[in-house]
Structure formats: C-alpha cells, structure tokens
Amino acid sequence: SPVPLPVATQLPRLVRRMPEDARDPILRLTVHDHFVDVVTALDSHRLRMRFADAIDEMDTVKGYCTHRSHWVSKDAIAGVKREQGKTHLRLSNGDLVPVSRKFKPILEKAGVL
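The rules behind each value
- Note that residues are indexed from 1 along each chain, following the sequence as it is written.
- Owing to the predicted nature of the model, reporting of local features is limited to residues with pLDDT of at least 70; listing and counting of side-chain atom pairs is limited to 80 or more, with chain, interface and lining totals taken over all residues.
- Where side-chain values are given, they derive from all heavy atoms of the structure, hydrogens and water being excluded.
- Stacked, edge-to-face and tilted labels apply to pairs of Phe, Tyr and Trp rings (six-membered ring for Trp) whose centres lie within 6.5 Å, assigned for plane angles under 30 degrees, over 60, and everything in between, in that order.
- The criterion for a charge sitting over a ring is simple: Lys NZ or Arg CZ within 6 Å of the ring centre, and within 35 degrees of the ring normal.
- Joining through side-chain atoms within 4.5 Å is the link that ties buried Ala, Val, Leu, Ile, Met, Phe, Trp, Tyr and Cys residues into a set, and such a set is a nonpolar core.
- For every residue, the accessible area (1.4 Å probe, protein chains only) is compared with the maximum for its type, and the residue is labelled buried under 20%, exposed over 50%, or partly exposed between those bounds.
- Numbering of helices and strands runs from the N terminus, with a helix taken as a DSSP run of H or I at least four residues long and a strand as a DSSP run of E at least two residues long.
- Contacts are assigned to residue pairs that have any heavy atoms within 4.5 Å of one another.
- One bridge is not enough; two strands pair if DSSP finds at least two bridges between them.
- Only protein atoms enter the 1 Å grid used here, on which a cavity is any set of points holding a 1.4 Å probe that cannot leave and a pocket is any open set flanked by protein within 12 Å on both sides along at least five of seven lines; residues with an atom within 4 Å of a point are listed as lining.
- Grid points are joined across faces, edges and corners, and a volume is the space filled by probe spheres set on the points.

Topic: the packing of aromatic side chains
Counting across every chain of the model gives zero aromatic pairs. In this structure, Arg48 packs its charged tip against the face of Phe35, placed 5.5 Å from the ring centre.

Side note on the nonpolar core
For soluble globular proteins, the rule of thumb is that nonpolar side chains tend to be buried together. If you look at the biggest cluster of nonpolar residues, it comprises 14 residues, and the most contacted ones within it are Leu14, Ile26, Leu29, Val36 and Val38. Broken down by secondary-structure element, the contributors of at least two residues to this core are strand E1 (26-32), strand E2 (35-40) and helix H1 (51-56). Setting aside its immediate chain neighbours within four residues, Ile26 contacts Pro12, Leu14, Val15, Met18, Val38, Val39, Thr40, Met58 and Ser73. If you look at the next biggest cluster of nonpolar residues, it comprises 10 residues, including Val72, Val99, Leu107 and Val112.

Quick notes on the pairing of strand E5 (residues 70-73)
Neither face of E5 is open: one carries His70 and Val72, the other Trp71 and Ser73, and all of them are buried. Here E1 runs beside E5; their pairing, made up of three bridges, is antiparallel. Residue pairing for E5: Thr30 is matched across the bridge by His70. Sheet analysis places strand E4 (residues 63-67) next to E5, joined by four bridges and oriented antiparallel. Directly across from Cys65, in E5, lies its bridge partner Trp71. The hairpin turn running from E4 into E5, its antiparallel successor, is two residues long.

Section: the environment of Val38
Inspection of the secondary structure puts Val38 in strand E2. Note on Val38: relative accessible area 0%, which makes it buried. Spatially, the C-alpha atoms of Val38 and Leu27 are 7.8 Å apart, while their sequence positions differ by 11 residues. Residues contacting Val38, with those up to four places away along its chain left out, are Leu14, Met18, Ile26, Arg28, Leu29, Asp43, Ser44, His45 and Leu47.

Observations regarding the layout of surface pockets
Roughly 180 Å³ of volume is contained in the second largest pocket. Going through the elements one at a time, strand E7 (86-91) and strand E8 (96-99) are the ones with two or more residues in the lining of the second largest pocket. A per-element tally of the lining of the second largest pocket places E7 first, with three residues.

Quick notes on the environment of Pro19
Residue position: Pro19 is located in the segment before E1. The exposure class assigned to Pro19 is partly exposed, which follows from its relative accessible area of 38%. In sequence terms Pro19 and Leu96 are 77 residues apart; their C-alpha atoms lie 25 Å from each other.

In structure tokens:
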C-alpha cells in the first residue's frame, strides 16, 4: 500500500480548488470582496470563498496574517521594507504585502520582523 507523504510535503487543501496546472507553491492570499486571490510565483487565481476558509485550507503551509486582508507563506518572505512609518514584507516574487499595527507584534514575536 502507498505510504502517505509527511504533512510538511503535502499540498495544502486549497490547491484542490485551483486549476490542475496550478501546482506552484502558494506565496500569498489576498481578499477582495467575496473573492480570494491565490498568488503563486508564476500566476494568480481568483477563488470565490471566505478568507478565513482559504487560510484554514493552507493547513500544510506555515504562514502569517499580516493584515486583515493578507496572508503570506513563511517560505515566501524575502525581506522587510520600512518606509515613512509603514512596514511591508517583500516576497520572493517581489510583491510587497502590508503589515498592520494589529499583526505587527505577532510577526515580531515570530521573528519575521
């Protein structure tokens, strides 16, 4: 019988909602109204679902909410940009994701900031 992969190497449940050819690692999630943008290194896909459910379906990927509308994968974080009192995370694909005051202490405690 097949041996299951360790949880860390399994794809998150959210991938099942995406097209078959979209198997690149997910870098970030962003909510717009009733849709969640799922951003990979090569593409972006828009899914109609609740943001909280999308985050829940990223079950095998360590990540952080940086803002009420943004979640990022820990492995996608390439750096931090601070400018005019605002903090952003720079991702491996060059995207900048805002960090809100609410989530800043959580990210500092995790060693991200």
